[in-house]
Amino acid sequence: MRYTIVVAILFFLNMGMVYPQNHLKVYNILGQEITYKPDATNIVICYNTTSCHACMELLLHCCIEIRRQDTSVNLYVLLEGSKDIGVMRASTTSLSSYVPRDEKIEVIYDLNPIKRKSYFSKYHISMSPSVLIFMDNKKTKYISYEEMFGKSYDKNKINALILNQIGY
Amino acid sequence: MFGLILVLLGLNTVAQTKVIENPNIPKIENSISEYVSVDTILSFTNEVAVNRSLKSCKWENEIVFTNFNTNKNSDTIVIYRINIVDANVDTFYVYEKRIRERMKSVYSSSFDAIAYNGSKIVLNLYDELYVYELDSNHKLNKIGKYTVAEDFREMAFLNDSVLVFVQNYYSASPQTAIYLYDMLEHKVINKIFPHFNTPLLSFFSPQKNFDIYENRILWANRGEYSFLLFDRDLKKLDSVSVVNKNWKQLSKKAKRKASKIKKTHAPDIIYCLNKGYNNIDQLQFAYILDTNHMAIGVHRAKENVLYIDVWYRIGGEWKIKHNALYDDGFMFKPERVIRRNTLPLGFLGGSKVYFMDNKLVSISDKAAVENPINLSVKDYFMAQNKYLETNEYFVQIFIYSHTLTD
């Protein structure tokens, strides 16, 4: 009984250490946490270098359009974290070819998985690009690659999928 | 033919008896380091490659490359020419109006291929050839832009006036092809469709199954150890196939599963094959060293090591001269110091490599340390990480001397 209480206390203490999964945690390439607007709607495109080229172009285009129409929406691209900084640097360079010259998109890294699961792990992201949406009401929604590109490359469909999740 | 197979089977028996006990501690007598040594390292720190934008080619003693891509600030294409004898670098500039827009319109971030023949430079983007000529003032002048109907992935000059186009891609139709394209008539004058045993593997890099040397064209397979040599008229000169019962191929189940996916959905196919891919043996690259020598790079799944066989032609038959040489590369202890003859060859890591007589050129688009010579492995990686914290990888060229054909 005594041990059960100790374990329970430790469990609750540990829970306090765990970051709420519904809060977007944002890191730069050096693993330093950077600030973001938690009260806004944050669209996060999950990307890695094996992502389909045409899909990434299309998805990025859709998300930029959505941000233009609703300036309260923040747009990020999440790259898979790695212990090897070179891997993350190569992904960042690869990503830069998709981003239009006049658009600014913050690149974030799926780092610090010690106290929580990485997003790529939690949402079983094996195929990308895919989308995570962190809502201002603390809800997280995930749109998989299959949902968006499984059967077609349709801009209107992707637009509708994202807008529907945001609540338009 | 039967005799040749018997010889090769015999060679293979020899190769099989050579047991690699621990690939992480290579035996020095089997190391490529015995035969190669770096002479010169050229760093192009302002050239950041994006999505394999670096395109290069060779012609006699020269290497030509461009790293032009849609991330560049203008439509001026920069082309570099390196003389590998004296390491002299010439830089050429040519303006191509709205070329970045054109690239984006065909979902590309760079040119697809480059070819050079001493006086002409050809750039390929999608179905277009941009042709330039060097004048006596060392300036590049545009000759014209030509559209080609053939679908291809690689190209190279066979001689002054004939370009070779090579196709080897699962979702292409035909999947494999070698075309001879007359640069004067601007039309295909000959073509063949060589067999490639595992087209699904064309989605995975590194892959280098085609090479040209003095009117000879080399075509190698990937899922099996075999290669073909063609002459300037695409007539078969030689055919070599090494039979090995232990060679691990892509399973029928994996092939069947992948074949059900739409051919154009490359990421889905790659994902489907990814697990099995690491467990198969592959011929990963093939190069002609000179008229009588060839280098074949093989990845053996069991040992997880890439090694090089050097072949030579004697009495009309191909025989192995150096068997299973492997690059000890960075597979050594952190305190070991990188010397000129222990610098890993880039092509084992997927960079582009060219053999020219007694020289070997390796081009890397993932460089972060300008001079790794005399650094310990530990210091090298520290310097690399430090650089990459605030900078991007750059292009680097290694010029080696080699004695593989001596």
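Here the structure is a predicted model, which is why all the values come from computation and not from measurement.

Conventions adopted
- Residues numbered from 1 in each chain as written.
- Chains lettered and ligands numbered in written order.
- Predicted model: local features only at pLDDT ≥ 70, side-chain atom pairs only at ≥ 80, totals over all residues.
- Heavy atoms only, no water.
- Helix = DSSP H or I, 4+ residues; strand = E, 2+ residues; numbered from the N terminus.
- Buried < 20%, exposed > 50% of the residue type's maximum accessible area, 1.4 Å probe, protein only.
- Contact = heavy atoms within 4.5 Å.
- Buried area = accessible area lost by both parts, 1.4 Å probe.
- Salt bridge = Lys/Arg side-chain N within 4 Å of Asp/Glu carboxyl O.
- Polar contact = N/O pair within 3.5 Å; in protein donor to acceptor, adjacent residues only side chain to side chain.
- Axes fitted to C-alpha atoms, helices over the stretch in contact; angles between N-to-C directions.
- Parallel < 35°, antiparallel > 145°, perpendicular 65-115°, else oblique.
- Left-handed = near helix turned anticlockwise from the far one by under 90°.
- Phe/Tyr/Trp six-rings, centres within 6.5 Å; stacked < 30°, edge-to-face > 60°.
- Disulfide = S-S within 2.5 Å.
- pLDDT = per-residue confidence, 0-100.
- Core = buried A, V, L, I, M, F, W, Y, C linked by side-chain atoms within 4.5 Å.
- Pairing = 2+ DSSP bridges.
- Expected span 1.5 Å × (residues − 1).

## Comments concerning the overall build of chain A
Scanning chain A from terminus to terminus reveals six helices and five strands. Secondary structure of chain A in N-to-C order comes out as α-β-α-β-α-β-α-β-β-α-α. Considering chain A as a whole, with its 168 residues, one finds that 48% of them fall into the buried category. Within chain A, contacts between residues at least 6 apart in sequence are counted, and of these 69% link residues at least 24 apart.

## A look at the interface of chain B and chain A
Contacts between the two partners involve 24 residues from chain B, matched on the other side by 25 residues from chain A. Both sides of the chain B and chain A interface together cover about 1,900 Å² of buried area, and 53% of this is carbon and sulfur. Looking only at chain B, the three residues that lose the most surface to chain A are Asn51, Tyr107 and Pro267 of chain B, adding up to 24% of its buried area. If you look at where chain B meets chain A, you find zero salt bridges. Connecting chain B to chain A are 10 residue pairs in polar contact (both at pLDDT 80 or more). Of all the secondary structure elements, the ones that give two or more residues to the side of chain B that touches chain A are α4 (266–277) and α5 (377–390) of chain B. Ranked by the residues each element gives to the side of chain B that touches chain A, the list is headed by α5 of chain B, at four residues.

## Looking at the packing of helix α3 (residues 252–259) of chain B against α4 of chain B
Residue and element names in this part refer to chain B. Running from amino to carboxyl end, α3 crosses α4 at an angle of 165°, the nearest separation of the two axes being 9 Å. Judged by the angle between their axes, α3 and α4 are roughly antiparallel. Where α3 crosses over α4, the two elements pack in a sense that is right-handed. In this structure, α3 uses Ala254, Lys257 and Ala258 to contact α4, whose residues at the interface are Ile269, Cys272 and Leu273.

## Remarks on the packing of aromatic side chains
In total, this model carries 26 aromatic pairs over all chains according to the counting rule given. An angle of 40° between the planes, with centres 5.5 Å apart, marks the rings of Tyr145 of chain A and Phe149 of chain A as tilted. In this pair, Tyr145 of chain A and Phe149 of chain A are both assigned in helix α5 (residues 145–149), four residues apart and thus about one turn of the helix distant. By the burial criterion, Tyr145 of chain A is buried, and Phe149 of chain A matches it. Between Phe65 of chain B and Tyr80 of chain B the ring centres are 4.7 Å apart and the planes differ by 20°, which places this aromatic pair in the stacked class. With Phe65 of chain B in strand β3 (residues 62–66) and Tyr80 of chain B in strand β4 (residues 76–83), this residue pair connects regions lying 15 residues apart in the sequence.

## Considerations on the state of the cysteines
Residues and elements named next belong to chain A. Inspection of every chain in the model, using the stated rule, returns one disulfide over all chains. Residue Cys46 stays outside any disulfide, its sulfur separated by 11 Å from that of Cys63, the closest cysteine. Cys46 sits in the buried class, given a relative accessible area of 0%. With no disulfide of its own, Cys62 has Cys63 as its nearest cysteine by sulfur position, at a separation of 6.6 Å.

## With respect to the confidence of the model for chain A
Residues and elements named next belong to chain A. Considering every residue of chain A, the mean pLDDT works out to 81; 83% of them sit at 70 or more. Summarising per-element confidence for chain A, the mean pLDDT is lowest in helix α1 (residues 2–17) (48) and highest in strand β1 (residues 41–47) (93). Across residues 9–20, where pLDDT falls below 50, the model places six contacts with residues more than four positions away in sequence or in other chains.

## Examining the nonpolar core
Counting residues in each nonpolar core, the largest one holds 44 residues, and the members touching the most others are Ile43, Leu59, Val77 and Ile162 of chain A. For this core, the elements supplying multiple residues, two or more each, are β1, α2 (53–69), β2 (73–80), α3 (85–96), β4 (130–134), α5 and α6 (155–166) of chain A. Top element by residues in this core is α2 of chain A. It accounts for nine residues. Counting residues in each nonpolar core, the second largest holds 36 residues, with Met103, Ala113, Leu140 and Tyr179 of chain B among its members.

## Re the pairing of strand β15 (residues 216–220) of chain B
All names here are of chain B. Most of β15 sits out of view: four of its five residues are buried. Pairing of strand β14 (residues 210–213) with β15, which is carried by four bridges, proceeds in the antiparallel orientation. Within β15, the residue paired with Phe210 across the bridge is Trp219. Counting the residues that bridge the hairpin from β14 to β15 gives two residues, and of these Glu214 lies at a positive phi of roughly 40°. Alignment of β15 against strand β16 (residues 225–230), held across four bridges, turns out to be antiparallel.

## Examining the pattern of salt bridges
This model, assessed by the stated rule, comprises 17 salt bridges over all chains. For Arg68 of chain A, the salt bridge identified is with Glu65 of chain A, shortest N-O distance 2.9 Å. Placement of both Arg68 of chain A and Glu65 of chain A in helix α2 is noted, with a separation of three residues, approximately one turn of the helix. Glu65 of chain A gets classed as partly exposed once you look at its relative accessible area, which sits at 24%. A salt bridge links Lys208 of chain B to Asp211 of chain B; its shortest N-O distance comes to 3.9 Å. Like Lys208 of chain B, the residue Asp211 of chain B is buried in the burial classification. Salt bridges here are not isolated pairs; linked through shared partners, they connect Glu65, Arg67, Arg68 and Glu103 of chain A.

## Remarks on α6 of chain A
Residue and element names in this part refer to chain A. Taking 1.5 Å as the rise per residue, α6 with 12 residues should run 16 Å; its terminal C-alpha atoms sit 17 Å apart, in good agreement. Of all the positions in α6, only Ile158, Leu161, Ile162, Leu163 and Ile166 are classed as buried. Summarising the contacts, the buried residues of α6 are in contact with β1, α2, β4, β5 (140–143) and α5. Among the residues trailing α6, Gly167 stands out with phi positive, at a value near 110°.

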